[in-house]
Amino acid sequence: MAKVEIYTWQSCPFCIRAKALLTQKGVSFIEHAIDGDQSARREMSVRSGGRNTLPQIFINEKGIGGCDELHELEHSNQLNNLLGLVN
């Protein structure tokens, strides 16, 4: 299974939606809750190539973007492959 990391804010609806999709798929993920932590937000921005929106999702250390990109991968039948799941 792939290593999945997600930077979030606890009350962010897009973060909640992205985590729900990953949970629905049975995927374990490391959550970096960065509410109010500017240092962690800078780290996220560096890792994601300058993106500042939340969530930011990484699969096997590669930034895939946020909630919209995660759902686009799901709709285009690419997410399971990235996650190492059987289609």
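Up top you'll find the structure we're talking about.
In this text, all values refer to a predicted model and were calculated from it rather than measured experimentally. (Residues numbered from 1 in each chain as written. Predicted model: local features only at pLDDT ≥ 70, side-chain atom pairs only at ≥ 80, totals over all residues. Heavy atoms only, no water.)

### Side note on the overall build of the protein chain
Part 1: Looking only at helices and strands, the protein chain has 4 helices and 4 strands in total.
Part 2: When the helices and strands of the protein chain are placed in sequence order, the string is β-α-β-α-β-β-α-α.
Part 3: A globule of 87 residues ought to have a C-alpha radius of gyration of about 12 Å, and the protein chain, at 12 Å, matches this closely.
Part 4: With respect to the three principal axes, the spread of C-alpha positions in the protein chain is 40 × 25 × 20 Å.
Part 5: Taking all 87 residues of the protein chain together, the buried fraction comes to 43%. (Helix = DSSP H or I, 4+ residues; strand = E, 2+ residues; numbered from the N terminus. Rg over C-alpha atoms; globule rule 2.2 N^0.38 Å. Buried < 20%, exposed > 50% of the residue type's maximum accessible area, 1.4 Å probe, protein only.)

### Considering the sheet that holds strand S1 (residues 4-8)
Part 1: Pairing in this open sheet of 4 strands is mixed, and the strands run S2-S1-S3-S4 from one edge to the other. Pairing within the sheet leaves two strands with one partner each, and these edge strands are strand S2 (30-33) and strand S4 (62-65). Neighbour to neighbour, the strand axes of the sheet diverge by 25 degrees on average, direction disregarded.
Part 2: Sheet analysis places S1 next to strand S3 (residues 56-59), joined by 4 bridges and oriented antiparallel. When the bridges of S3 are listed, Glu 5 appears paired with Phe 58. (Pairing = 2+ DSSP bridges. Axes fitted to C-alpha atoms, helices over the stretch in contact; angles between N-to-C directions.)

### Regarding the packing of aromatic side chains
Part 1: Counted according to the given criterion, the structure contains 1 aromatic pair.
Part 2: Seen in terms of ring centroids, Tyr 7 and Phe 58 are 5.9 Å apart; in terms of plane orientation they differ by 70 degrees. Their pairing is edge-to-face. Note that Tyr 7 is positioned in strand S1 and Phe 58 in strand S3, a separation of 51 residues in sequence.
Part 3: Between Arg 47 and the ring centre of Phe 58, over which it is positioned, the NZ or CZ distance is 4.1 Å. (Phe/Tyr/Trp six-rings, centres within 6.5 Å; stacked < 30°, edge-to-face > 60°. Lys NZ or Arg CZ within 6 Å of the ring centre and 35° of its normal.)

### Points about helix H1 (residues 13-24)
Along an α-helix, residues three or four positions apart point the same way, because every turn accommodates 3.6 residues.
Part 1: Relative to the 16 Å expected for 12 residues at 1.5 Å per residue, H1 spans 16 Å between its end C-alpha atoms, a close match to the ideal helical length.
Part 2: Along H1, the positions that sit buried rather than exposed are Cys 15, Ala 18, Lys 19, Leu 21 and Leu 22. Buried residues of H1 fall within an arc of 155 degrees about the axis and therefore sit on the same side. Facing away from the buried side of H1 by over 90 degrees, the exposed positions are Pro 13 and Gln 24.
Part 3: Each element contacted by the buried residues of H1 is listed here: S1, S2, S3, helix H3 (67-75) and helix H4 (79-83).
Part 4: At the C-terminal side of H1, Gly 26 shows a positive phi close to 75 degrees. (Expected span 1.5 Å × (residues − 1). Arc of directions from axis to C-beta. Contact = heavy atoms within 4.5 Å.)

Just distances and angles here, no functional claims.
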